[in-house]
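Structure assessment
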Amino acid sequence: MHPILSKAKENMATNRTFTMIKPDATGNGHIGSILADIIAGGFTIKAMKYTHLTAETAGAFYAVHKERPFYNDLVSFMSSGPIVAAILEKDNAVADFRTLIGATNPAEAAEGTIRAKYAKSIDANAVHGSDSDDNAAIEGSFFFSALEVH
Ligand code: ATP
Ligand code: MG
C-alpha cells in the first residue's frame, strides 16, 4: 500500500480521538497546562495546529447540533478566538479522553479533570473531545490531511 494511503487508513483507527482547546482556554493562557495534562494522561499527539474558526467553519464542524437551542451561541463562541486542534492517540482514546476532560458542564466535572480545572461555564468549557470513533475520524479529517498526521 502506498504510504499516503496507509496514513489515511491509520486515521480511521479506534485508538484515536480529536480535541480542540477552545477560545476561552487559549485566551486565558491555558494551552500549555492543558497540553501537559493531556500528555500526562497518556495521550500522544499525532497532529496539531493553532487556528481560528470562522462562523462558517465552526457551523460546519458543529452541524450535528444545528437543531439545538444553543447552536448559534456555540458557533459564535467557537469562532470568537483562536483554538488548538489536535489528533490524539491512546488505547481506548475516545472514552479515556472524555474521562480526562470531565462533564460538559464544568460545575459537574469531576475534581482534577481539565474542565474542572480550566473551564468557566457550559459554553466556555475549555476543550472539545470526540464522542465516538467515527466522529473522531470525521473531526480529525475536518482539520488535517493524511500528510499532517505523524
Ligand atoms: P464537546 O462536543 O465540545 O466535547 P460535549 O460532547 O461534552 O462537548 P455536546 O453535547 O457535544 O457536549 O455539546 C457541544 C458543546 O455545546 C458543549 O461543549 C458546550 O460548549 C455546548 N453546549 C452543550 N450543551 C449546552 C447547553 N445546554 N447550553 C449551552 N451550551 C451547551
Ligand atoms: Mg460533543
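Reference entry: report on the structure contained in this document. (Residues numbered from 1 in each chain as written. Chains lettered and ligands numbered in written order. Predicted model: local features only at pLDDT ≥ 70, side-chain atom pairs only at ≥ 80, totals over all residues. Heavy atoms only, no water.)

In this section: the overall build of the protein. Counting secondary structure elements, the protein contains eight helices and four strands. Its helices and strands taken in sequence order, the protein reads α-β-α-α-β-α-α-β-α-α-β-α from the N to the C terminus. Its C-alpha radius of gyration of 15 Å places the protein within 12% of the 15 Å reference for a compact globule of 150 residues. Principal-axis analysis of the C-alpha atoms gives the protein an extent of 45 × 35 × 25 Å. Counting every position in the protein, which comprises 150 residues, the buried fraction comes to 43%. The contacts in the protein between residues at least 6 apart in sequence include a share of 76% that link residues at least 24 apart. Total accessible area on the protein is roughly 7700 Å²; 55% of this is exposed by carbon and sulfur atoms. For the protein, the separation between the mean place of its 13 positive charges and that of its 17 negative charges on side chains is 4 Å. (Helix = DSSP H or I, 4+ residues; strand = E, 2+ residues; numbered from the N terminus. Rg over C-alpha atoms; globule rule 2.2 N^0.38 Å. Buried < 20%, exposed > 50% of the residue type's maximum accessible area, 1.4 Å probe, protein only. Contact = heavy atoms within 4.5 Å. Areas by Shrake-Rupley, 256 points an atom, 1.4 Å probe, with all protein chains shown as cover. Lys, Arg positive; Asp, Glu negative; His and termini not counted. Charge placed at Lys NZ, Arg CZ, Asp CG, Glu CD.)

A word on the sheet that holds strand β3 (residues 83–89). Paired through their backbone hydrogen bonds, the strands of a sheet run either parallel or antiparallel. Across the sheet, which stays open at both edges, the four strands sit in the order β2-β3-β1-β4 with antiparallel pairing between neighbours. Because the sheet does not close on itself, it has two edges, and the strands there are β2 (44–51) and β4 (127–129). Here the average twist between neighbouring strands, direction ignored, is 15°. The pairing of strand β1 (residues 16–21) with β4 spans three bridges and is antiparallel. Along β4, the bridge assignment pairs M20 with H128. The strands touched by helix α3 (residues 31–40) are β1, β2, β3 and β4; relative to β2, the strand with the most contacts, the crossing angle is about 165°. (Pairing = 2+ DSSP bridges. Axes fitted to C-alpha atoms, helices over the stretch in contact; angles between N-to-C directions.)

Surrounding ligand 1, one finds 14 residues, the nearest of these being K22, T104, N125, H128 and G129. Side-chain polar atom of R115 to an oxygen atom of ligand 1: 3.3 Å apart, as the coordinates give it. In the model, an oxygen atom of ligand 1 is placed 2.9 Å from a nitrogen or oxygen of the N125 side chain. If ligand 1 stood free it would expose 570 Å²; the protein chains cover 80% of that surface. (Near = heavy atom within 4 Å. Polar contact = N/O pair within 3.5 Å; in protein donor to acceptor, adjacent residues only side chain to side chain.)

Bringing α3 into the picture now. Those residues of α3 that sit buried are I34, L35, D37 and I38. Buried residues of α3, viewed axially, fall in a sector of 160°; they line one side. In α3, the exposed residues that point more than 90 degrees away from the buried face are G32 and A40. After α3 finishes, the residue G42 shows a positive phi value of roughly 95°. (Arc of directions from axis to C-beta.)

Moving on, we come to the pairing of β3. Counting buried positions over the seven residues of β3 gives six, a clear majority of the element. The pairing of β1 with β3 spans six bridges and is classified as antiparallel. Among the inter-strand pairings, M20 is bridged to a residue of β3, identified as A85. The pairing of β2 with β3 spans seven bridges and is antiparallel. Paired with A47 across the two strands is I87, which belongs to β3.

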